[in-house]
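Descriptive structure summary
Chain residues, written in single-letter form:
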Amino acid sequence: MIIARIESATASARLWLLMRRIRNTLPFFKTWSTVVVNRARSNARAKGGRRLWKQIADYTKVTKCSQRGAVIECLSYIGAHKEHGGPIRVKNKSWLTIPISELAKGKTAEYVEMSGIKLFRPGPPGAKKNILARSDENGKLVPVFALCKQTRPQRADKWWPEQRWVLQQGVREAKWHIEKEH
(Lines give C-alpha, C1' and ligand atoms only; values in the text may rest on other atoms or scores of the structure.)
Protein backbone atom coordinates (compact mmCIF):
# COMPACT_ATOMS: atom_id res chain seq x y z
CA MET A 1 0.00 0.00 0.00
CA ILE A 2 1.22 3.51 -0.84
CA ILE A 3 0.16 6.41 1.38
CA ALA A 4 0.81 10.03 0.39
CA ARG A 5 -0.12 13.00 2.54
CA ILE A 6 -0.52 16.45 1.10
CA GLU A 7 -0.62 19.01 3.87
CA SER A 8 0.78 22.41 4.75
CA ALA A 9 3.64 20.84 6.72
CA THR A 10 5.01 19.16 3.57
CA ALA A 11 4.49 22.18 1.29
CA SER A 12 7.27 24.26 -0.20
CA ALA A 13 7.78 27.79 1.15
CA ARG A 14 6.08 29.30 -1.91
CA LEU A 15 3.06 27.05 -1.59
CA TRP A 16 2.85 27.61 2.16
CA LEU A 17 2.68 31.39 1.63
CA LEU A 18 -0.09 30.96 -0.96
CA MET A 19 -2.04 28.64 1.34
CA ARG A 20 -1.98 31.27 4.11
CA ARG A 21 -3.97 33.55 1.80
CA ILE A 22 -6.77 30.99 1.31
CA ARG A 23 -9.65 31.44 3.77
CA ASN A 24 -11.17 27.96 3.48
CA THR A 25 -8.54 25.35 2.66
CA LEU A 26 -10.92 22.36 2.39
CA PRO A 27 -11.88 23.01 -1.27
CA PHE A 28 -8.20 23.63 -2.04
CA PHE A 29 -7.12 20.27 -0.58
CA LYS A 30 -10.04 18.55 -2.36
CA THR A 31 -9.04 19.83 -5.79
CA TRP A 32 -5.30 19.37 -5.21
CA SER A 33 -5.74 15.76 -4.04
CA THR A 34 -8.10 15.03 -6.95
CA VAL A 35 -5.51 16.29 -9.44
CA VAL A 36 -2.83 14.09 -7.85
CA VAL A 37 -5.10 11.00 -7.80
CA ASN A 38 -6.08 11.54 -11.43
CA ARG A 39 -2.40 11.75 -12.41
CA ALA A 40 -1.55 8.58 -10.47
CA ARG A 41 -4.47 6.74 -12.11
CA SER A 42 -3.57 7.91 -15.61
CA ASN A 43 0.08 6.93 -15.04
CA ALA A 44 -1.04 3.45 -13.99
CA ARG A 45 -3.45 3.02 -16.92
CA ALA A 46 -0.77 4.23 -19.35
CA LYS A 47 1.36 1.20 -18.43
CA GLY A 48 -1.02 -0.98 -20.46
CA GLY A 49 -1.77 -4.63 -19.90
CA ARG A 50 -5.11 -6.32 -19.57
CA ARG A 51 -6.12 -5.80 -15.98
CA LEU A 52 -3.23 -5.35 -13.52
CA TRP A 53 -2.65 -1.63 -14.10
CA LYS A 54 -6.39 -0.92 -14.37
CA GLN A 55 -6.84 -2.61 -10.98
CA ILE A 56 -4.01 -0.53 -9.49
CA ALA A 57 -5.63 2.65 -10.88
CA ASP A 58 -9.03 1.66 -9.46
CA TYR A 59 -7.53 1.10 -5.99
CA THR A 60 -5.95 4.59 -5.93
CA LYS A 61 -8.18 7.01 -4.02
CA VAL A 62 -8.38 10.07 -1.79
CA THR A 63 -9.15 8.44 1.57
CA LYS A 64 -9.24 11.55 3.81
CA CYS A 65 -9.63 15.24 3.18
CA SER A 66 -9.90 18.07 5.71
CA GLN A 67 -8.94 21.71 6.30
CA ARG A 68 -5.42 20.53 7.21
CA GLY A 69 -4.66 18.24 4.28
CA ALA A 70 -5.55 15.13 2.34
CA VAL A 71 -4.44 11.51 2.26
CA ILE A 72 -4.09 9.68 -1.04
CA GLU A 73 -3.66 5.91 -0.97
CA CYS A 74 -3.13 3.06 -3.36
CA LEU A 75 -4.94 0.32 -1.46
CA SER A 76 -3.37 -2.40 -3.61
CA TYR A 77 -0.19 -4.04 -2.31
CA ILE A 78 0.60 -4.80 -5.98
CA GLY A 79 0.70 -1.05 -6.72
CA ALA A 80 3.25 -0.55 -3.95
CA HIS A 81 5.28 -3.52 -5.20
CA LYS A 82 5.31 -2.15 -8.74
CA GLU A 83 6.41 1.28 -7.49
CA HIS A 84 9.23 0.05 -5.23
CA GLY A 85 10.19 -3.35 -6.72
CA GLY A 86 11.68 -6.22 -4.73
CA PRO A 87 10.95 -9.94 -4.52
CA ILE A 88 7.43 -11.34 -4.62
CA ARG A 89 6.84 -13.37 -1.45
CA VAL A 90 4.28 -15.95 -0.36
CA LYS A 91 1.39 -14.29 1.53
CA ASN A 92 -1.43 -16.66 2.50
CA LYS A 93 -0.27 -19.93 1.00
CA SER A 94 2.66 -22.31 1.33
CA TRP A 95 4.16 -21.76 -2.13
CA LEU A 96 4.16 -19.43 -5.11
CA THR A 97 3.24 -21.36 -8.26
CA ILE A 98 5.27 -20.25 -11.28
CA PRO A 99 3.91 -21.59 -14.61
CA ILE A 100 6.54 -23.60 -16.54
CA SER A 101 4.36 -25.25 -19.18
CA GLU A 102 1.99 -23.95 -21.85
CA LEU A 103 -0.86 -25.66 -19.99
CA ALA A 104 -0.30 -23.40 -16.95
CA LYS A 105 0.32 -20.01 -18.64
CA GLY A 106 -2.12 -17.46 -17.22
CA LYS A 107 -3.78 -19.99 -14.90
CA THR A 108 -3.62 -20.91 -11.23
CA ALA A 109 -2.95 -24.41 -9.94
CA GLU A 110 -6.54 -24.55 -8.66
CA TYR A 111 -7.90 -23.64 -12.10
CA VAL A 112 -5.79 -26.35 -13.77
CA GLU A 113 -7.02 -28.95 -11.27
CA MET A 114 -10.65 -27.87 -11.71
CA SER A 115 -10.28 -28.53 -15.44
CA GLY A 116 -9.72 -32.21 -14.57
CA ILE A 117 -5.91 -32.45 -14.49
CA LYS A 118 -4.50 -34.07 -11.35
CA LEU A 119 -1.42 -32.21 -10.07
CA PHE A 120 0.98 -33.65 -7.49
CA ARG A 121 4.43 -33.07 -5.95
CA PRO A 122 6.69 -35.91 -7.04
CA GLY A 123 9.21 -37.52 -4.76
CA PRO A 124 9.25 -39.58 -1.58
CA PRO A 125 7.59 -38.14 1.56
CA GLY A 126 9.89 -35.63 3.23
CA ALA A 127 11.95 -35.14 0.06
CA LYS A 128 9.40 -33.88 -2.42
CA LYS A 129 10.57 -31.81 -5.38
CA ASN A 130 9.61 -28.17 -5.69
CA ILE A 131 7.34 -28.69 -8.66
CA LEU A 132 3.71 -29.50 -9.32
CA ALA A 133 3.48 -32.06 -12.08
CA ARG A 134 1.00 -34.27 -13.89
CA SER A 135 1.32 -37.67 -15.56
CA ASP A 136 0.84 -37.92 -19.33
CA GLU A 137 -0.80 -40.85 -21.20
CA ASN A 138 2.41 -42.92 -20.94
CA GLY A 139 2.80 -42.28 -17.20
CA LYS A 140 5.67 -39.89 -17.83
CA LEU A 141 6.14 -36.96 -15.39
CA VAL A 142 5.30 -33.55 -16.94
CA PRO A 143 6.24 -30.47 -14.83
CA VAL A 144 3.48 -27.83 -14.82
CA PHE A 145 4.36 -25.34 -12.03
CA ALA A 146 7.59 -24.55 -10.18
CA LEU A 147 7.14 -23.95 -6.45
CA CYS A 148 9.10 -21.30 -4.54
CA LYS A 149 8.81 -19.16 -1.40
CA GLN A 150 9.85 -15.94 -3.17
CA THR A 151 10.98 -14.73 -6.59
CA ARG A 152 14.12 -12.88 -7.55
CA PRO A 153 13.88 -9.12 -6.94
CA GLN A 154 11.67 -7.40 -9.50
CA ARG A 155 12.62 -4.05 -11.04
CA ALA A 156 10.64 -1.04 -9.86
CA ASP A 157 8.13 0.22 -12.44
CA LYS A 158 7.52 3.81 -11.28
CA TRP A 159 3.99 5.16 -11.72
CA TRP A 160 3.31 7.33 -8.64
CA PRO A 161 3.51 11.11 -9.30
CA GLU A 162 6.82 12.72 -8.36
CA GLN A 163 6.94 15.01 -5.32
CA ARG A 164 8.11 17.97 -7.41
CA TRP A 165 5.13 17.65 -9.76
CA VAL A 166 2.73 17.32 -6.80
CA LEU A 167 4.05 20.55 -5.25
CA GLN A 168 3.80 22.38 -8.62
CA GLN A 169 0.16 21.32 -8.86
CA GLY A 170 -0.39 22.54 -5.31
CA VAL A 171 0.93 25.99 -6.28
CA ARG A 172 -1.29 26.00 -9.38
CA GLU A 173 -4.39 25.01 -7.38
CA ALA A 174 -3.63 27.52 -4.61
CA LYS A 175 -3.36 30.36 -7.15
CA TRP A 176 -6.67 29.30 -8.70
CA HIS A 177 -8.42 29.25 -5.30
CA ILE A 178 -6.99 32.66 -4.36
CA GLU A 179 -8.27 34.16 -7.64
CA LYS A 180 -11.65 32.53 -7.07
CA GLU A 181 -11.98 34.02 -3.56
CA HIS A 182 -11.13 37.56 -4.70
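Before reading on, note that the structure itself is shown above.
Residues numbered from 1 in each chain as written. Predicted model: local features only at pLDDT ≥ 70, side-chain atom pairs only at ≥ 80, totals over all residues. Heavy atoms only, no water.

1. Digging into the overall build of the protein chain
Helices and strands together make up the secondary structure of the protein chain, namely six helices and six strands. The order of α-helices and β-strands along the protein chain, N terminus first, is β-α-α-α-β-β-α-β-α-β-β-α. In terms of overall dimensions, the protein chain is more spread out than a globule: its C-alpha atoms have a radius of gyration of 24 Å, far above the 16 Å expected for 182 residues. Each principal axis of the C-alpha distribution contributes one length, and for the protein chain these read about 85 × 30 × 25 Å. Sorting the 182 residues of the protein chain into buried and exposed places 35% on the buried side. For the protein chain, the exposed area adds up to about 12000 Å²; of that, 52% sits on carbon and sulfur atoms. (Helix = DSSP H or I, 4+ residues; strand = E, 2+ residues; numbered from the N terminus. Rg over C-alpha atoms; globule rule 2.2 N^0.38 Å. Buried < 20%, exposed > 50% of the residue type's maximum accessible area, 1.4 Å probe, protein only. Areas by Shrake-Rupley, 256 points an atom, 1.4 Å probe, with all protein chains shown as cover.)

2. Comments concerning the packing of helix H2 (residues 25–46) against helix H6 (residues 163–181)
Between H2 and H6, the least distance of the axes is 9 Å, while the angle of their chain directions is 140°. In this view, H2 runs oblique relative to H6, as classed from their interaxial angle. Here H2 runs over H6; the crossing is right-handed. Residues Pro27, Phe28, Thr31, Trp32, Val35, Val36 and Arg39 of H2 form the contact with H6, whose own contacting residues are Trp165, Val166, Leu167, Gln169, Gly170, Glu173, Ala174 and His177. Its residues assigned to classes, the contact of H2 with H6 comprises nine nonpolar, four polar and two charged. (Axes fitted to C-alpha atoms, helices over the stretch in contact; angles between N-to-C directions. Parallel < 35°, antiparallel > 145°, perpendicular 65-115°, else oblique. Left-handed = near helix turned anticlockwise from the far one by under 90°. Contact = heavy atoms within 4.5 Å. Nonpolar A, V, L, I, M, F, W, Y, C, P; charged D, E, K, R; others polar.)

3. Quick notes on the pairing of strand S6 (residues 141–148)
Pairing between strand S4 (residues 96–99) and S6: four bridges, direction antiparallel. For Thr97, the partnering residue across the bridge sits in S6 and is Leu147. Pairing geometry for strand S5 (residues 131–135) and S6, over five bridges, is antiparallel. Within the sheet, the bridge partner assigned to Ile131 lies in S6 and is Ala146. (Pairing = 2+ DSSP bridges.)

4. Overview of the sheet that holds S5
The antiparallel open sheet is built from three strands, whose spatial order is S4-S6-S5. Looking at strand neighbours, the two that pair on one side only are S4 and S5, the edges of this open sheet. Each neighbouring strand pair of the sheet contributes to a mean axis angle of 30°, computed without reference to strand direction.

5. Concerning helix H1 (residues 13–20)
Every buried residue of H1 is accounted for by Leu15, Leu18 and Met19. Across the axial projection of H1, the buried residues extend over an arc of 100°, all falling on one side. Turned more than 90 degrees away from the buried face of H1, the exposed residues are Ala13, Leu17 and Arg20. Among the structural elements, H2 and H6 are those in contact with the buried residues of H1. (Arc of directions from axis to C-beta.)

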